[in-house]
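# Reading the structure
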Amino acid sequence: GLPRHALSRSAGQIQAALPQRPLERSIIEAEPLNEQDPAYWSGRADYYRGRKDVAEERAALERWLALTALTAKSTPEQVSHRAAPVRAFADFLKRAENDAAALAFLWKEYDSVTDDRHHEAVLHLLEWEYSGLGPFRPDDARLWVFLEGRVTWSSTEERLLWRMAEAAKVGAERDAVWERAEQAVKKVPGRAATTGWVMNRTQAAERSMPLLELACADRSDEERRKTACGTLFDSCLATNRWQRAEALWPQRLERLTVTERPDWLAQVAIAAA
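Residues numbered from 1 in each chain as written. Predicted model: local features only at pLDDT ≥ 70, side-chain atom pairs only at ≥ 80, totals over all residues. Heavy atoms only, no water.

### Quick notes on the nonpolar core
With 55 residues, the main nonpolar core has Phe-105, Leu-106, Leu-123, Leu-126, Phe-136, Leu-160 and Leu-161 as its most contacted residues. Looking at which element gives the most residues to this core, the answer is helix H7 (residues 99-112), with 7 residues. Among all residues touching Phe-105, those that are not within four sequence positions of it are Leu-65, Val-86, Phe-89, Ala-90 and Leu-93. Of all hydrophobic cores here, the second largest spans 14 residues; its members include Phe-233, Cys-236, Val-268 and Ala-271. (Core = buried A, V, L, I, M, F, W, Y, C linked by side-chain atoms within 4.5 Å. Buried < 20%, exposed > 50% of the residue type's maximum accessible area, 1.4 Å probe, protein only. Helix = DSSP H or I, 4+ residues; strand = E, 2+ residues; numbered from the N terminus. Contact = heavy atoms within 4.5 Å.)

What follows is the structure in structure tokens.
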């Protein structure tokens with residue numbers, strides 16, 4: 001029969017050393033019955049990766065991509081199934097060609113549909129595996145469309161805004177990022193905690209204070225409020241507002257271990273000094 005997906009690459013490595021390849025014959029003979037099955041092409045691509053047959057691996061990956069293509073009315077399940085072949089093909093391009101080819105493919109994939117869920121998946125892949133190549137330009141309109149279209153800002157939006165801020169030059173360029181983020185908060189106050197946290201982590205503690213005060217006063221989401229109060233405490237220390245930090249200490253205390261508490265409380269005293 002066919003190898004399990006987890007063993008396909010090992011099968012290819014083993015059969016590469018043999019003059020006859022009975023397993024490969026089984027895979028090819030199984031194609032007519034499985035030509036519409038994405039799992040078949042996934043395993044076949046992995047087999048040829050083990051064999052180090054670049055042309056056959058690429059052909060199998062392209063077939064997998066074709067079978068999982070999204071439309072304007074794709075279901076959440078279809079969007080979810082698209083993520084694996086996109087990741088696999090980007091990895092293939094990175095190995096077979098270069099980083100630039102993988103990036104170009106991912107942005108083309110991003111632009112190919114307007115599905116917000118798919119955009120999130122592609123951005124997540126770009127952020128975690130390709131952020132070192134600087135793909136998040138602060139003047140990229142697509143990124144702002146994504147951010148401003150998301151009512152709830154959580155980890156994905158946080159990391160995206162963070163990368164955009166880091167990519168912007170300190171001064172007018174980074175100020176422009178903050179101004180647009182602040183406008184987004186005015187439209188949806190729930191975005192304040194995320195924006196304030198990013199500001200705190202990118203040397204803009206002073207600017208983060210009003211946003212974090214807003215988020216710390218918001219009782220609509222208790223977990224988000226506690227996180228915002230903790231970040232506000234950090235910004236108070238960074239700007240030597242020791243009285244405000246001292247007032248926030250009971251809330252900051254909830255997030256600290258017994259061994260962490262003395263060091264953090266000492267920082268309040270240092271800020272006062």
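### Some words on the environment of Asn-34
If you trace the backbone, Asn-34 turns up in helix H3 (residues 31-34). Of the residues examined, Asn-34 reaches a relative accessible area of 18% and is grouped as buried. The contacts of Asn-34, once residues within four sequence positions are left out, are Leu-2, Tyr-40 and Trp-41.

### Details of the packing of helix H11 (residues 172-187) against helix H13 (residues 205-217)
Packed helices, taken two at a time, are described by the angle their axes make and the gap between the axes. Relative orientation of the contacting elements H11 and H13 amounts to 15°, with a least axis distance of 12 Å. With respect to each other, H11 and H13 are oriented roughly parallel. Seen along the crossing, H11 lies across H13 with a hand that is left-handed. Contact residues: H11 offers Asp-175, Trp-178, Glu-179, Glu-182 and Val-185, while H13 offers Arg-207, Leu-211 and Leu-214. Here the residues of the contact of H11 with H13 sort into 4 nonpolar, no polar and 4 charged. (Axes fitted to C-alpha atoms, helices over the stretch in contact; angles between N-to-C directions. Parallel < 35°, antiparallel > 145°, perpendicular 65-115°, else oblique. Left-handed = near helix turned anticlockwise from the far one by under 90°. Nonpolar A, V, L, I, M, F, W, Y, C, P; charged D, E, K, R; others polar.)

### Describing the packing of aromatic side chains
For the coordinates displayed, the defined rule picks out 8 aromatic pairs. Ring plane angle 80° and centroid distance 5.1 Å describe the contact between Tyr-47 and Tyr-48, whose orientation is recorded as edge-to-face. Residue classification places Tyr-47 among the buried residues on the basis of a relative accessible area of 0%. In this arrangement the basic side chain of Arg-159 is found over the ring face of Trp-128, its NZ or CZ atom lying 4.2 Å from the centre. Stacked on the ring of Trp-264, the Lys or Arg Arg-252 has its end atom at 4.6 Å from the ring centre. (Phe/Tyr/Trp six-rings, centres within 6.5 Å; stacked < 30°, edge-to-face > 60°. Lys NZ or Arg CZ within 6 Å of the ring centre and 35° of its normal.)

### Some details on the pattern of salt bridges
Applying the stated rule across the entire model yields 31 salt bridges. Taking the shortest distance from any N to any O, the salt bridge between Asp-140 and Arg-142 comes out at 2.9 Å. Judged by relative accessible area, which is 26%, Arg-142 ranks as partly exposed. Across the pair Arg-207 and Asp-175 runs a salt bridge, and its minimum N-O distance is 3.5 Å. Here Arg-207, found in helix H13, pairs with Asp-175, found in helix H11; they are 32 residues apart in sequence, far enough to count as distant. Residue class for Asp-175 comes out partly exposed when judged on its relative accessible area of 33%. Beyond isolated ion pairs, a larger network of salt bridges with shared partners links Arg-49, Glu-57, Asp-91 and Arg-95. (Salt bridge = Lys/Arg side-chain N within 4 Å of Asp/Glu carboxyl O.)

### Details of the side chain of His-119
Its location among the elements puts His-119 in helix H8 (residues 116-130). Once you skip the residues sitting within four places of it in the chain, His-119 turns out to touch Tyr-110, Val-113, Thr-114 and Phe-146.

### Topic: the layout of surface pockets
Considering only enclosed or pocket space, the largest pocket measures out at about 210 Å³ in volume. Glu-158, Ala-193, Thr-194, Arg-224 and Thr-227 are, among the 13 residues lining the largest pocket, the residues nearest its centre. Mapped onto the lining of the largest pocket, the elements with two or more residues apiece are helix H10 (155-167), helix H12 (192-201) and helix H14 (222-238). Considering each element in turn, the lining of the largest pocket owes the most residues, 4 residues, to H14. When grouped by side-chain class, the residues that make up the lining of the largest pocket number 4 nonpolar, 6 polar and 3 charged. If you add up the space inside the second largest pocket, you get close to 150 Å³. The element that contributes the greatest number of residues to the lining of the second largest pocket is helix H4 (residues 38-51), accounting for 4 residues. (1 Å grid on protein atoms, 1.4 Å probe; cavity = no way out; pocket = protein on both sides within 12 Å on 5 of 7 lines; lining within 4 Å. Points joined across faces, edges and corners; volume = space filled by probe spheres on them.)

### What about the environment of Asp-139?
Note on placement: Asp-139 falls in the loop between H8 and helix H9 (141-149). Spatially, the C-alpha atom of Asp-139 lies 43 Å from that of Thr-259, the residues being 120 residues apart in sequence.

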